[in-house]
Structures are given as C-alpha cells and as structure tokens.
Amino acid sequence: MLIRFTKMQGAGNDFVMLDETRGRLNLSPAQYRFLADRHFGVGADQILSVRPSPGEGIDFEYVIHNADGGEVEQCGNGARCFVRFVREQGLTSKDVVRVKTLSGVIEPRMQADGRVTVDMGAPVFELARIPFEAAGLTAQPAGSWEKWPLILENNAHSAPFLIAALSMGNPHAVQLVDDVDTAPVLEAGPLIEHHVRFPKRVNAGFMQVVSRSRIRLRVYERGAGETLACGTGACAAVVAGIRWGLLDARVDVQTRGGQLTIEWAGGLDAPVMMTGPATTVFESEIEVPEL
C-alpha cells in the first residue's frame, strides 16, 4: 500500500502525519511500528492521523500511535504540529481549531510568530484517574502537595525515587534531579514506565530546576523511549514544580530538542497552556507492506 505522509517535528519530538480525512488507512499496529522505524520506515516518535469531524462544534479528530504501535491519549508537541499540518494541507483556514483526542477536546492556536499555543486542559490529580495505585505507600509533604516513594526493581539505586503522579491526558511520574545530563534517564526510565503501580504505564520525567521561571527536562516516554521533547511531560513537570512551591506561573522548559513555554495559574480546574514551535520537515510517499 502506497501512502502519502508529512514528516514534522516540534522541539525535536518528531511525527509522521497521515491525512485520513478522505478515508481510513486502517493500518495495523505492525504497520505503525514500520512507519516509526528509523531504519526501515520513515522514523518518528509518534504517528498522528488526522480524521474528519466526529460531531458538531469539532473541526477534526486526532489519533495518536506511539512508535511501538499502541494508541495513546494525548501528545502536546503533536497537537502543535497538527494545527500547522491541517492549515498547510488546506484542510482549514482557521487559526484556532477544536480537535477531539482520546482524552478529550483540545484547541491549538496559531500565533503570529509561527509558534502554536495549545490549551492542554486542567491537570488530573485523582490517583484513580491517572491511574496510579498508591495502596501501602505514604506520601511525603512537598509544598502544597506531595511526593510518592517509588521503589524500582532491579535498579542500582537503593533509595526510592520521589515522584509526583499526575495526568495531562496521559499519565506522568515527575521527579527532581540535580542535573538532567547525569540523571539515570535510560536506566530508570524503562523501570518507571512499566512499574506495577502504573497499570497503563507512565511517562517518566526528570526535572532540573534552574530558577523559578526556568527548568531543564528529559522525559522517557511510554512506548517511545527518551524523546528530544515531550509536551505533556513539560506541562506535568511545571505543574508539579508549581505545586511543590518551586516555580512561578510561567516557566520556560528547556528540552534537548528546543524550548517550550508552559503557563498554569495554579487552580485545580485551571488549564495548562503550552506554547512552542511546529515545523514541517518534508513530504513524500512510502510503500507500507502488509504486516
């Protein structure tokens, strides 16, 4: 099957964009893995499918598959690329689009400088909705919030990792580190992702606080490994830092792929706003085998 695609990236988090507004491609998980493969396919952290409006008041539906072929709820960097894609492809002329995702409706907004702002919705702290199973654990107070001790099996670090557990439409475990360059992202990240207390797996964030308005961040994403940037991970890290009393309401997040700006007023129902770049890399066609 020959399919047309667009390769895009947002702060180094890269995507294969598929236009399914005129008909479903009906790709299998193995075919999504093929597209994401950096040796045999196009290469990407996620595959993003653009589909027609599912109902009144919604412009598009947006479906996300990770590099491992599994469907996931949300992708912040992908949401920014999404709105640039639908505009560049002539699918809409709007600066603001309402998009249905697996975790709810989002509204990416094109800015005059070419960057994109996305209302990521309010963070979720209820443990059952993340989901995070805390039975038998005792939270440690931190600022106006808490940290949970997480013991990792087969890990060289004997002390538990102290994490914030929250959801930004997908689950996150955020921890403070002294230096993201030396943090055990590749060692601890997979163990956190598959930890039994996160029944749907989790994105593992490693946050270094530089100042009250600036952090450095690395994220080991479920189903993708470490990526150069993670939009929902940046949102989760800033929310955690604000609730821990370490950060102000507007924070620049330096990832390995670029800078994102996250704003959160602090109310439990207040939305998290994310602003960052979205860039088209190239367009082409690829023959996808029957898998």
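Before reading further, recall that the structure is shown in the block above.
Figured I'd write up the structure that's included with this text.

**Topic: the nonpolar core**
The nonpolar side chains of a soluble globular protein tend to be buried with one another. Grouped together as the largest cluster of nonpolar side chains are 56 residues, with contacts concentrated most on Tyr-62 and Ile-262. Sorting elements by how many residues they give to this core places helix H4 (residues 231–243) first, with 8 residues. In this structure Ile-262 touches Ala-234, Cys-235, Val-238, Ala-249, Arg-250, Val-251, Val-253, Val-272, Met-273 and Met-274, once residues within four positions along its chain are discounted. Counting 21 residues, the second largest nonpolar core, distinct from the first, contains Leu-150, Ala-183, Val-202 and Phe-206.

**Observations regarding the pattern of salt bridges**
Scanning the entire structure with this criterion turns up 22 salt bridges. Linking Arg-38 and Asp-45 is a salt bridge whose minimum nitrogen-to-oxygen distance equals 3.1 Å. A residue is classified by how much of its surface remains accessible, and Arg-38, at 48% relative accessible area, is partly exposed. Note that Arg-216 is salt-bridged to Asp-181, the shortest N-O span being 3.1 Å. Here the residue Arg-216 occupies a position in strand S14 (residues 214–221), and Asp-181 occupies one in the loop between strand S12 (171–176) and helix H3 (185–193), the gap between them amounting to 35 residues. Where salt bridges share partners, they join Asp-179, Asp-181, Arg-216, Arg-218, Glu-226 and Arg-256 into one cluster.

**Observations regarding the environment of Ile-3**
Along the chain, Ile-3 turns up in strand S1 (residues 2–10). Sequence separation between Ile-3 and Glu-287 is 284 residues; the distance between their C-alpha atoms is 6.5 Å. When sequence neighbours within four positions are dropped, the list of residues in contact with Ile-3 reads Leu-18, Leu-25, Leu-35, Ser-284, Glu-285, Ile-286 and Val-288.

**Digging into the side chain of Arg-197**
Along the chain, Arg-197 turns up in the loop between H3 and strand S13 (203–211). No salt bridge forms around the buried Arg-197; measuring N to O, its nearest opposite-charge neighbour Glu-133 is 6.1 Å away. Looking at Arg-197, its side chain comes within polar contact range of the main-chain oxygen of Ala-135, at 3.0 Å. Here Arg-197 is in contact with Pro-131, Phe-132, Glu-133, Ala-134, Ala-135, Leu-137 and Leu-150, once residues within four sequence places are set aside.

**Things to note about a nonpolar patch on the surface**
On the surface, Leu-176, Val-209 and Leu-246 cluster together into a nonpolar patch covering about 180 Å² of accessible area. Mapping Val-209 onto the fold places it in strand S13. Under the relative-accessibility criterion, Val-209 is labelled partly exposed at 33%.

**Notes on the packing of aromatic side chains**
All chains considered together, the criterion is met by 8 aromatic pairs. Measuring from centroid to centroid gives 5.3 Å for Phe-125 and Trp-145, while their planes differ by 75°, and the two rings are edge-to-face. With Phe-125 in the loop between strand S8 (116–119) and strand S9 (140–142) and Trp-145 in strand S10 (residues 145–150), this pair connects stretches of sequence that are 20 residues apart. Residues Phe-125 and Trp-145 agree in their burial class; the two are buried. Taken together, a centroid distance of 6.4 Å and an interplanar angle of 35° make the contact between Trp-145 and Trp-244 tilted. Placement of the pair is Trp-145 in strand S10 and Trp-244 in the loop between H4 and strand S16 (250–254), with a sequence separation of 99 residues. Each member of the pair Trp-145 and Trp-244 is classed as buried. Ring pairing ties together the aromatic residues Phe-125, Trp-145, Trp-244 and Trp-264, which thus form one cluster. In this structure, Lys-147 is placed above the aromatic ring of Trp-244, and the distance from its NZ or CZ to the ring centre is 4.7 Å. Here the guanidinium or amino end of Arg-243 rests over the ring plane of Phe-125, the centre of that ring lying 4.5 Å away.

Basis of the calculations
Sequence order as written defines residue numbering, which begins from 1 separately in each chain. Whole-chain, interface and lining totals are the exception, using all residues; otherwise, since this is a predicted model, local features are given only for residues with pLDDT of at least 70 and side-chain atom pairs are given and counted only at 80 or more. Water and hydrogen atoms play no part in the side-chain values, which are based on all heavy atoms of the structure. Put simply, a nonpolar core is a bunch of buried Ala, Val, Leu, Ile, Met, Phe, Trp, Tyr and Cys residues held in one set by side-chain atoms that sit within 4.5 Å of each other. Exposure is judged per residue with a 1.4 Å probe applied to protein chains only, and the accessible area is read against the type maximum: over 50% gives exposed, under 20% gives buried, and values in between give partly exposed. Runs of E in the DSSP output that reach at least two residues are strands. Runs of H or I that reach at least four are helices, and both are numbered from the N terminus. When checking whether two residues touch, look at their non-hydrogen atoms; a contact exists if any pair is within 4.5 Å. Salt bridges are counted wherever a side-chain nitrogen of Lys or Arg sits within 4 Å of a carboxyl oxygen of Asp or Glu. Just so you know, the count uses Lys and Arg for positive and Asp and Glu for negative, and it drops His and the chain ends. Definition of a polar contact: a pair of N or O atoms within 3.5 Å, with one able to donate and the other able to accept a hydrogen when the atoms are protein atoms, and with sequence-neighbouring residues admitted only if both atoms are side-chain atoms. Exposure above 30% relative accessible area and no salt bridge define the residues that can form patches, which grow by joining like charges within 9 Å and nonpolar side chains of Val, Leu, Ile, Met, Phe, Trp and Tyr within 5 Å. Computed with the Shrake-Rupley method and a 1.4 Å probe, the accessible areas treat only the protein chains shown as cover for residues. Aromatic contacts are taken between Phe, Tyr and Trp rings whose centres are within 6.5 Å, Trp giving its six-membered ring; a plane angle under 30 degrees counts as stacked, one over 60 as edge-to-face, and the others as tilted. The rule is short: NZ of Lys or CZ of Arg within 6 Å of the ring centre and within 35 degrees of the ring normal puts a charge over the ring.

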